[in-house]
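Per-entry structural report
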Amino acid sequence: NFVFTYQPETKNLHMITLRGNVVTFPKVSFPYGQEHVDHAVSKQRDCKDKKANGKPISWSIVKCLIDVEEALFINFSTSDGVIGIDCNVDHFAWAEVSKDGNFLESGKLPFSLHKKTTGQTTKILEAEAIAFVDLAVRKNKSIVMEDIDTTLSKTGDAYGNKKANRFKSVFAYKKMEQVIRSRAEKMGVAVLQVNPAYTSITGKLKYMRKFGISIHQAASYTIGRRGLGYKEKVPQVLRHLIVRSPLPYWKQWWALNKKLKVRPEII
């Protein structure tokens, strides 16, 4: 590139202006993807025939666009367990699940989409998706998330206030799925999808108090267990609330939801 020159060793970015002046941006580094930038620049520098074999590297002041080779191998194994994720209006809640379906760890990645433009929303979600998928890479586990198309049908009643519902837009949900899938594909991590029916209710009534976690982390734990093929049975202490018996296990949660009128609060 005749305008920009980047030095991976010093992290300095040099730009030649239209008047021929050299402007230096010192210590330019990226919190995510720096290793890809260094590799692309070094590979381009060592390329003998750049016209035939070179790869384009574009700079928008301090925005680097490069071609990242996609992972040739996707790890679909669940032999080490999975990480379930629950997408919410202001954070990603996640839970690590062992291969036996046991709870190991949970957490959340907060963000704010309030009064953000479409472009800003995309950038925010991309950054959090990178952080989440990198977590899955470190733990060597596949990701389990809800079927977004099905999830969209519950956006109108998932929360009790209209302001929260506005955030849970079709665009936001679709973008969440897109950025997570895109990053996971690049990093060789499998993304499994499950039916989202009653995950919040199951998590709240069965796991939230047991593990001392938020309802969304409990939901992500339920999502992970569902990805491993586990079926959630209603606890014995709550079965007396189900009038019609016997019912299929999934319909028991429907009956409890109707009886208790459970509403997931924002935590």
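Quantities reported herein were computed from a predicted structural model and do not represent experimental measurements. (Residues numbered from 1 in each chain as written. Predicted model: local features only at pLDDT ≥ 70, side-chain atom pairs only at ≥ 80, totals over all residues. Heavy atoms only, no water.)

1. A word on the pattern of salt bridges
- By the definition in use, this model includes 10 salt bridges.
- The salt bridge partner of E9 is R45, with a shortest N-O separation of 3.1 Å. Taken together, the residues span a long stretch of sequence, with E9 in the loop between strand 1 (4–7) and strand 2 (12–16) and R45 in helix 1 (residues 34–46) at a distance of 36 residues.
- The exposure class assigned to E9 is exposed, which follows from its relative accessible area of 57%.
- Two residues, K139 and E105, come together in a salt bridge whose shortest N-O distance is 3.0 Å. Here K139 is found in helix 3 (residues 118–139), whereas its partner E105 is found in strand 8 (residues 103–110), with 34 residues between them in sequence.
- Bridged by salt links that share partners, the residues E96, E105, K139 and K141 form one connected network. (Salt bridge = Lys/Arg side-chain N within 4 Å of Asp/Glu carboxyl O. Helix = DSSP H or I, 4+ residues; strand = E, 2+ residues; numbered from the N terminus. Buried < 20%, exposed > 50% of the residue type's maximum accessible area, 1.4 Å probe, protein only.)

2. With respect to the confidence of the model for the protein chain
- Taken over all residues, the pLDDT of the protein chain has a mean of 83, while the share at 70 or more is 85%.
- Averaged pLDDT values for the elements of the protein chain fall to 49 in helix 5 (residues 162–167) and rise to 97 in strand 7 (residues 91–97).
- Predicted confidence for residues 155–161 stays below pLDDT 50, and this span has 17 contacts to residues more than four positions away or in other chains. (pLDDT = per-residue confidence, 0-100. Contact = heavy atoms within 4.5 Å.)

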